[in-house]
Amino acid sequence: EIPDEEERDFIRILREQLHPRSKAIAAHFTIAYPTTQVSGVDLIADISTRADGLSSFPFILRCAIPSPDDSSGAVDVFLVPEEGFSAFARLSDQVYAGVLSPFRRRDLLTIPHLTIARYSNPLKAEEMCKSLNTIRFSVRGVINSLDILERVAGNVRTILQIKLTTSDSEGQTD
């Protein structure tokens, strides 16, 4: 959740202008990559159990980096958390400790990120990152739920939203 309306609009406008899937899926952090190797029932049961007792945590996005997508040849622009990074890493480790463990993409560097743009030209992606980093943007938010998504025929929908417990340190970042 990004509580500040101006910061939410910053993300929304960039995605609407620069990301081809902005209408299909809202801005989000990917904690686990999609797989068809685990049934929805098993995934929901496992993640629900793993999320029990997990606390919400704050983050601050202050950096844009280009990230090549080898499967499409495109280059994405990621906003990455300068603060809250370690909490994302711990959350990802927790999610991948169960039924998803055999399907973890160990061939990919997993960087917590919010994708705001996609370019076919890598130089355009680099230019966008430089522009964003020059303006020294800052987007504050809180991860207060885990959503399990399903993609069917190009459409994405939430099949379960798991609320995280409110953290005593919700206003603090690491």
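Asker: Whenever I open this one, the overall build of the protein chain confuses me. Can you help?
Answerer: Scanning the protein chain from terminus to terminus reveals 4 helices and 6 strands. Along the protein chain, helices and strands appear, N-terminal first, in the series α-α-β-β-α-β-α-β-β-β. Taking 2.2 N^0.38 as the reference for a compact globule, 174 residues should give roughly 16 Å; the C-alpha atoms of the protein chain span a radius of gyration of 16 Å, in line with that estimate. Considering only C-alpha atoms, the protein chain reaches an extent of 40 × 40 × 25 Å along its principal axes. Residue burial in the protein chain is summarised as follows: out of 174 residues, 37% are buried. A total accessible area of about 10300 Å² is found for the protein chain, and carbon and sulfur atoms account for 51% of it. One way to put it: in the protein chain the 19 positive side-chain charges average out to a point 4 Å from where the 24 negative ones average out.

Asker: How should the packing of aromatic side chains be read in this particular structure?
Answerer: How two aromatic rings sit relative to each other is given by the distance of their centres and the angle of their planes. One pass over the structure, following the stated rule, counts 5 aromatic pairs. Geometrically, the ring pair formed by F57 and F88 is edge-to-face, given 5.0 Å between the ring centres and 90° between the ring planes. Taken as a pair, F57 in strand β1 (residues 57-69) and F88 in helix α3 (residues 85-95) lie far apart in primary sequence, 31 residues in all. A residue is classified by how much of its surface remains accessible, and F88, at 2% relative accessible area, is buried. Ring geometry for F59 and F88: centres 6.0 Å apart, planes at 55°, overall tilted. Within this pair, whereas F59 is found in strand β1, its partner F88 is found in helix α3, the two being separated by 29 residues in sequence. Given the relative accessible area of 2%, F59 is considered buried. A connected cluster of aromatic rings, assembled from ring pairs, spans F29, F57, F59 and F88.

The rules we used
- Position numbers for residues start from 1 in each chain and track the written sequence from start to end.
- Local features in a predicted model are, by the rule used here, given only for residues with pLDDT of at least 70; side-chain atom pairs are given and counted only at 80 or more, and totals for whole chains, interfaces and linings are based on all residues.
- To obtain the side-chain values, all non-hydrogen atoms of the structure were used and water was disregarded.
- In this text, helices come from DSSP runs of H or I with a minimum length of four residues, and strands from runs of E with a minimum of two, each type numbered from the N-terminal end.
- As defined in this context, the radius of gyration uses C-alpha atoms, and a globule is described by 2.2 Å times the residue total to the power 0.38.
- Whether a residue is buried, partly exposed or exposed follows from its accessible area with a 1.4 Å probe, protein chains only, as a fraction of its type maximum: under 20%, in between, or over 50%, in that order.
- Only the protein chains shown count as covering a residue, and every accessible area follows the Shrake-Rupley method with a 1.4 Å probe.
- A positive count includes Lys and Arg, and a negative count includes Asp and Glu. His and the chain ends are not counted in either.
- Charge positions come from single atoms, namely NZ of Lys, CZ of Arg, CG of Asp or CD of Glu.
- The pairing test for Phe, Tyr and Trp rings, Trp by its six-membered ring, is centres within 6.5 Å, and the orientation test on the planes gives stacked under 30 degrees, edge-to-face over 60, and tilted for anything in between.

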